[in-house]
Amino acid sequence: MSETARGAPSLIDRSLAFADRVVPAPSAWAFALRIWLAMVLALYAAFWLQLSGASSAMVCVAILAQPKRGQALSKALYRFVGTLVGAVVAIVLIALFGQDRVLLLVSFTTWLMLCVFTAHFLQDTRAYGAMLSGYTVAIIAIAHIDAPQDVFGAAVDRVAAITIGIVAITFINDALASPSTWRALRTPLDGAIEATRAFARDTFATGDPGSERTGALIRRIAVMRGDASAIAGELDDGPNRAAGARSAIAALYAMAASARAFTAAADRADGPAVAEARALCLDLTRDGSREAALRAAERLRDGLADRVGRGGASLGEILALQRAVDFARNAAFAQDGAESLATGDRPLRDVPLPTHRDFPVSLRGAARVGIAFGTTALLLIFAGWPATSFALVQVAATCALSSITPDPKAFARGVLIGMPLAALCAGIVLFGLLAGVQGFPLLAIAIAPVVFTACFLSLNPPTFGVGFILLVFFPVLLSPSNPQTYDPQTFLSNALLVVVAALILFVTVRVVLPISASQHRAFALDSARRALIDALAGEGGDATTRTSLNSDRLLQFAQWSSRSGAVRTASLDRAFDLARMEAAAARAHAQLRDLSDDPALAQEAEAARQAIMAVDRRAITASASALLAAGPGTERTTRLAIARAASDLATLANVAATQGRFLRRLGLKAA
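If you're wondering where the values come from, they're calculated on a predicted model, not measured in any experiment. (Residues numbered from 1 in each chain as written. Predicted model: local features only at pLDDT ≥ 70, side-chain atom pairs only at ≥ 80, totals over all residues. Heavy atoms only, no water.)

**Student:** Quick one: what's the story with the overall build of the protein chain, residue by residue and with numbers?
**Tutor:** Along the protein chain, the regular secondary structure elements total 27 helices and zero strands. In terms of C-alpha radius of gyration, the protein chain reaches 29 Å, essentially the compact-globule figure of 26 Å for 671 residues. With the principal axes as the frame, the protein chain shows a C-alpha extent of 90 × 75 × 55 Å. Classification of the 671 residues of the protein chain by burial places 54% in the buried group. Counting contacts in the protein chain only where the partners sit at least 6 residues apart, residues at least 24 apart contribute 78% of the total. A total accessible area of about 28400 Å² is found for the protein chain, and carbon and sulfur atoms account for 61% of it. Between the averaged position of the 62 positive side-chain charges in the protein chain and that of its 52 negative side-chain charges there is a distance of 6 Å. (Helix = DSSP H or I, 4+ residues; strand = E, 2+ residues; numbered from the N terminus. Rg over C-alpha atoms; globule rule 2.2 N^0.38 Å. Buried < 20%, exposed > 50% of the residue type's maximum accessible area, 1.4 Å probe, protein only. Contact = heavy atoms within 4.5 Å. Areas by Shrake-Rupley, 256 points an atom, 1.4 Å probe, with all protein chains shown as cover. Lys, Arg positive; Asp, Glu negative; His and termini not counted. Charge placed at Lys NZ, Arg CZ, Asp CG, Glu CD.)

**Student:** I'd love a proper account of helix 11 (residues 238-266), names of residues and values included.
**Tutor:** The periodicity of an α-helix, 3.6 residues per turn, causes residues three or four positions apart to be oriented the same way. The end-to-end C-alpha separation of helix 11 is 41 Å, in line with the 42 Å expected for 29 residues at 1.5 Å each. Most of helix 11 sits inside the fold, with 25 of its 29 residues counted as buried. (Expected span 1.5 Å × (residues − 1).)

**Student:** Please set out the pattern of salt bridges residue by residue, giving values where relevant.
**Tutor:** One pass over the full model with this rule turns up 22 salt bridges. Between Arg530 and Asp526 there is a salt bridge, and its shortest N-O distance comes to 3.1 Å. Note that Arg530 and Asp526 are positioned in helix 21 (residues 517-536) at a spacing of four residues, about one turn of the helix. Through salt bridges that share partners, Arg290, Glu291, Asp336 and Glu339 make up one connected network. (Salt bridge = Lys/Arg side-chain N within 4 Å of Asp/Glu carboxyl O.)

**Student:** Lay out the state of the cysteines with the relevant residues and their values.
**Tutor:** Here a disulfide denotes one covalent bond, and it connects the sulfur atoms of two cysteines. Going through the model one piece at a time under the given rule, you end up with zero disulfides. Of all cysteine sulfurs, the one in Cys455 lies closest to Cys60, which takes part in no disulfide; the gap is 14 Å. (Disulfide = S-S within 2.5 Å.)

**Student:** Tell me about the packing of helix 4 (residues 69-97) against helix 6 (residues 124-140), and name the residues and values.
**Tutor:** Direction vectors running N to C along helix 4 and helix 6 enclose 35 degrees, while the axes themselves pass 7 Å from each other. The interaxial crossing formed by helix 4 with helix 6 has right-handed handedness. Partitioning the contact of helix 4 with helix 6 into residue classes produces eleven nonpolar, nine polar and three charged. (Axes fitted to C-alpha atoms, helices over the stretch in contact; angles between N-to-C directions. Left-handed = near helix turned anticlockwise from the far one by under 90°. Nonpolar A, V, L, I, M, F, W, Y, C, P; charged D, E, K, R; others polar.)

**Student:** I'd love a proper account of the nonpolar core, names of residues and values included.
**Tutor:** Among the nonpolar cores identified, the biggest contains 113 residues, and Ile35, Tyr135, Ile447, Leu471 and Phe474 are the most heavily contacted of them. If we ignore the near neighbours within four places in the chain, the residues touching Phe474 are Ala422, Cys425, Ala426, Val429, Ile447, Val450 and Ile469. In this structure, Ala328, Phe333, Ala584 and Ala588 belong to the second largest nonpolar core, which totals 108 residues. (Core = buried A, V, L, I, M, F, W, Y, C linked by side-chain atoms within 4.5 Å.)

**Student:** Please set out a nonpolar patch on the surface residue by residue, giving values where relevant.
**Tutor:** Residues Leu77, Phe80, Val81, Leu84 and Val85 make up a contiguous nonpolar surface patch of roughly 380 Å² in combined accessible area. For Phe80, a relative accessible area of 30% puts it in the partly exposed group. (Patch = residues over 30% accessible without salt bridge, like charges linked within 9 Å, V, L, I, M, F, W, Y side chains within 5 Å.)

**Student:** Could you give me a rundown of the packing of aromatic side chains, with the residues and numbers involved?
**Tutor:** In total, this model carries twelve aromatic pairs according to the counting rule given. Their ring planes at 50 degrees and their centres at 5.9 Å tell us that Trp29 and Phe452 sit as a pair that is tilted. Within this pair, whereas Trp29 is found in helix 2 (residues 26-48), its partner Phe452 is found in helix 18 (residues 440-459), the two being separated by 423 residues in sequence. Using a relative accessible area of 41% as the deciding quantity, one classes Trp29 as partly exposed. Relative to Phe373, the ring of Phe108 lies with its centre 4.9 Å away and its plane at 70 degrees, an arrangement referred to as edge-to-face. You can see Phe108 sitting in helix 5 (residues 101-120) and its partner Phe373 sitting in helix 15 (residues 359-383), a full 265 residues away along the chain. Relative accessible area serves as the criterion here: at 1%, Phe373 is assigned to the buried category. (Phe/Tyr/Trp six-rings, centres within 6.5 Å; stacked < 30°, edge-to-face > 60°.)

**Student:** Hey, could you go over the packing of helix 16 (residues 388-403) against helix 17 (residues 408-434) for me, with residue numbers and the actual values?
**Tutor:** At a closest axis distance of 9 Å, the pairing of helix 16 and helix 17 adopts a crossing angle of 145 degrees. Seen from above, helix 16 lies across helix 17 with right-handed handedness. On helix 17, the residues touching Thr398, Leu401 and Ser402 of helix 16 are Pro408, Phe411 and Met419. Considering only residue class, the contact of helix 16 with helix 17 consists of four nonpolar, two polar and no charged.

**Student:** If you had to explain helix 26 (residues 636-658) to someone new, which residues and values would you point to?
**Tutor:** Here helix 26 spans 33 Å end to end across 23 residues, near enough to the 33 Å set by a 1.5 Å rise per residue. Taking burial as the measure, the 23 residues of helix 26 include 17 buried ones, the bulk of the element.

**Student:** Hey, could you go over the side chain of His120 for me, with residue numbers and the actual values?
**Tutor:** Here His120 is to be found in helix 5. When its relative accessible area of 12% is taken as the criterion, His120 is described as buried. Non-local contacts of His120, meaning those with residues more than four positions away in its chain, are made with Arg357, Val361, Ser362, Gly365 and Ser403.

Without other data, these values stay purely geometric and don't point to any function.
Below is the structure:
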């Protein structure tokens, strides 16, 4: 019996399956076509304007190559700003140190390190703009170190070429209907909302799913941050859509945290009110409409105010009810944000989504770039290598680009493969396909296969680095000009230098100030410790912002945590407890400041604040009980404020009790 008869796939089926895996999707072909047309259009416009650096317009399009319109627009904006800043700094440095190469190189290295350091603390395309303003100085000033009188003209040409590239890719994206970022974000956001509801449903029904599953959910939510920040420039109502996406993402973080907190509190203080709250929250995981969530939140607030008003409620019960209110409110925010993303209407709130960055990591990244550039400059100058300025520009660019990537080592591997591939492709096109011909149509056709291949590679995450480098450095090495020059010696020298730059980057990220996984964990833990100290002292800032920041810190901590199951779980549990304690301290201080304005509650509020600062769980518990005892007879808004403060005080006391030894190891005198 043949394999086909036994049910095995036929040769045709296997061939079709293989073709489906290998042949790019239609969307990938459309993306590659748009980038190729934009590169050709930018190069033609630069030739027509007779810019000396016409190829820079083509390279600009390659760097701005993004599959979605909003991503390209956001990156284009910060590329333009970064280029302007870099051009001004280049002119200033040449004016100051044009006659002293050593001082020029030292001042540029310092500027590059400052830009890389700043980029570490920014997000997405803003980080790219900061980093770009660093190596733009190399492209303008260092490349003309032997002819400082040409720097101003080079700066003008550079800005003009970048402007042409931005206009070209924007025009092509609009003309060929590039996919909108906000449309593409709707599906993953809806999926994340449903995943969060499923997470909460399991939490309410069967108990805490644990830190590992929570970390996986946070990872799924966090990947949408970049697209959320890129929506604002796509449409007139783009700011509303972006605000809706941010609000929904922040709400999903809070939904997961409040569901876990409710379950932990309900296990210790079950009762009719808590059971009713659990049932309402479970209903919200099935009916997730904004109206249903708002009704549930109001009903839960009424019940919470009633329990505080009647007195006798335990801290555990108040904590559970308050976290149920938090869950319902954030369920409403999540659905409202998703609807604002879809419709463009103004959402109920607009919140930022800050990301966590470790100062030691940023400092080491900046120092690594400075050391790599300085060492390369010394070696090439003492070796008397020709075209040293070209090599220094490539080292500065590649090292700066690697510094803002999530995994510099993976990017360096991509550069090590992509650079020789870019040199090979440029050589084949220049000396094989063109072979001395001076015709723009032939040039446009000759570069198409390379551009399409690079675009396909860049769309696949494992090969993104190779594709990006091929797409960017292929036109750099091809260096199209009018008329086109064919100098094998110059081409081979430049090709060798970019490969050397790739080797320098590859060695640098592994040898110069490397950061191990244990160091990453230590840096994140120290950052969490300092943030907790600030929150305990009443300087924690907005609680919603802290939740987003803590979620990003937890995500990074999970990525660098040990692979050992027991050790990893214990580490994650501690990290989540620290984040919970920090958010509770920030909320408690804010609420207690408001309560202190009431003369009847000022003494209890001040005692609670002092207990928080001392991390005295017994005093914290006593203060929470005292606030609840003062609740009967007060107005509804005051009772709700007391409930919020008491619930956060209870959270602080619980974490101090379970993690007391760990807090003392961190230098916090938890009593």
